[in-house]
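Below, each chain spelled out in residue letters.
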Amino acid sequence: QVQLVESGGGLVQAGGSLRLSCVASGRIFSINAINWYRQAPGTQRELVATITSGGRTNYADSVKGRFTISRTNGKNTWTLQMSSLKPEDTAVYYCNVIEAATPYRPRTDYWGQGTQVTVSS
């Protein structure tokens, strides 16, 4: 059973920084990509950042240049470094791991429980 646990959220003033972590326990056979999503109250979940198994990264326009997604080599741990935070970054942030399909099972998405990030003005 794979579980994802996010941590690192909290309250920060505008312009500050936070570092979110996502730790996976259990066995994941082949990872396609890791995503960080966020969801503010009354809005749809938004894709913030992606890192592929090959290390390619992609970011939402709203966070480019401010957020950095990375993976700790050799460990099922991923981070989202957030800098120059703005009040509009306030949301619950979720880690999503996409496990590749195999001949025996379809693609599988795993989700963490989320961590709250609040940026005050």
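These notes cover the structure that comes with them. What you see is a predicted model, and the numbers here were worked out from it, not measured in a lab.

Notes on the overall build of the protein chain
- Within the protein chain, the regular secondary structure consists of zero helices and eleven strands.
- The secondary structure elements of the protein chain, listed N-terminal to C-terminal, are β-β-β-β-β-β-β-β-β-β-β.
- For 121 residues, the compact-globule estimate of 2.2 N^0.38 gives 14 Å, and the C-alpha radius of gyration of the protein chain, at 14 Å, lies within 12% of that figure.
- The principal-axis extent of the C-alpha atoms belonging to the protein chain is close to 50 × 25 × 20 Å.

Digging into the pattern of salt bridges
- All chains considered together, the criterion is met by six salt bridges.
- Here E46 and R38 are joined by a salt bridge, their closest N and O atoms 2.8 Å apart.
- Residue classification places E46 among the partly exposed positions, given a relative accessible area of 30%.
- In this structure, D89 engages R66 in a salt bridge whose closest nitrogen and oxygen atoms are separated by 2.7 Å. A residue pair is termed long-range when its members are at least 10 positions apart, and D89 in the loop between strand 8 (77-82) and strand 9 (91-99) and R66 in the loop between strand 6 (57-59) and strand 7 (67-71) qualify at 23 residues.
- Accessibility expressed as a relative area gives 1% for D89, which makes it buried.

Topic: unusual backbone geometry
- The backbone of S84 sits at a positive phi, close to 50°, despite the residue not being glycine.
- Look at S84 and you get partly exposed, because its relative accessible area is 42%.

Considering the pairing of strand 11 (residues 115-120)
- Side chains T115, V117 and V119 project from strand 11 onto a buried face, and the interleaved Q116, T118 and S120 project onto a face without burial.
- The sheet contact formed by strand 2 (residues 10-13) and strand 11 spans four bridges and is parallel. Residue pairing in the sheet places Q13 in a bridge with S120 of strand 11.
- Relative to strand 11, strand 9 runs antiparallel, the two sharing three bridges. Bridge pairing in strand 11 links A91 to V117.

Quick word on the state of the cysteines
- Across all of its chains, the model carries one disulfide by this definition.
- Covalent S-S linkage joins C22 and C95, the inter-sulfur distance amounting to 2.1 Å. The sign of the -80° torsion about the S-S bond sets the C22-C95 disulfide as left-handed. A residue pair is termed long-range when its members are at least 10 positions apart, and C22 in strand 3 (residues 18-25) and C95 in strand 9 qualify at 73 residues. The two residues C22 and C95 agree in class, both being buried.

Rules and cut-offs
Residue positions within a chain follow its written sequence, with the count starting from 1. Whole-chain, interface and lining totals are the exception, using all residues; otherwise, since this is a predicted model, local features are given only for residues with pLDDT of at least 70 and side-chain atom pairs are given and counted only at 80 or more. Side-chain metrics rest on all non-hydrogen atoms present in the structure, leaving aside hydrogens and water. Only DSSP runs of H or I covering at least 4 residues are called helices, and only runs of E covering at least 2 are called strands; the numbering of each starts at the N terminus. Radius of gyration: over C-alpha atoms. The globule rule applied is 2.2 Å multiplied by the number of residues raised to the 0.38 power. When a carboxyl oxygen of Asp or Glu is within 4 Å of a side-chain nitrogen of Lys or Arg, the pair counts as a salt bridge. Burial status follows relative accessibility: with a 1.4 Å probe on protein chains alone, a residue under 20% of its type maximum counts as buried, one over 50% as exposed, and anything between as partly exposed. Two strands qualify as a pair provided DSSP detects at least 2 bridges between them. A pair of sulfur atoms, both from cysteines and within 2.5 Å, is called a disulfide here.

By themselves these figures say nothing about function.
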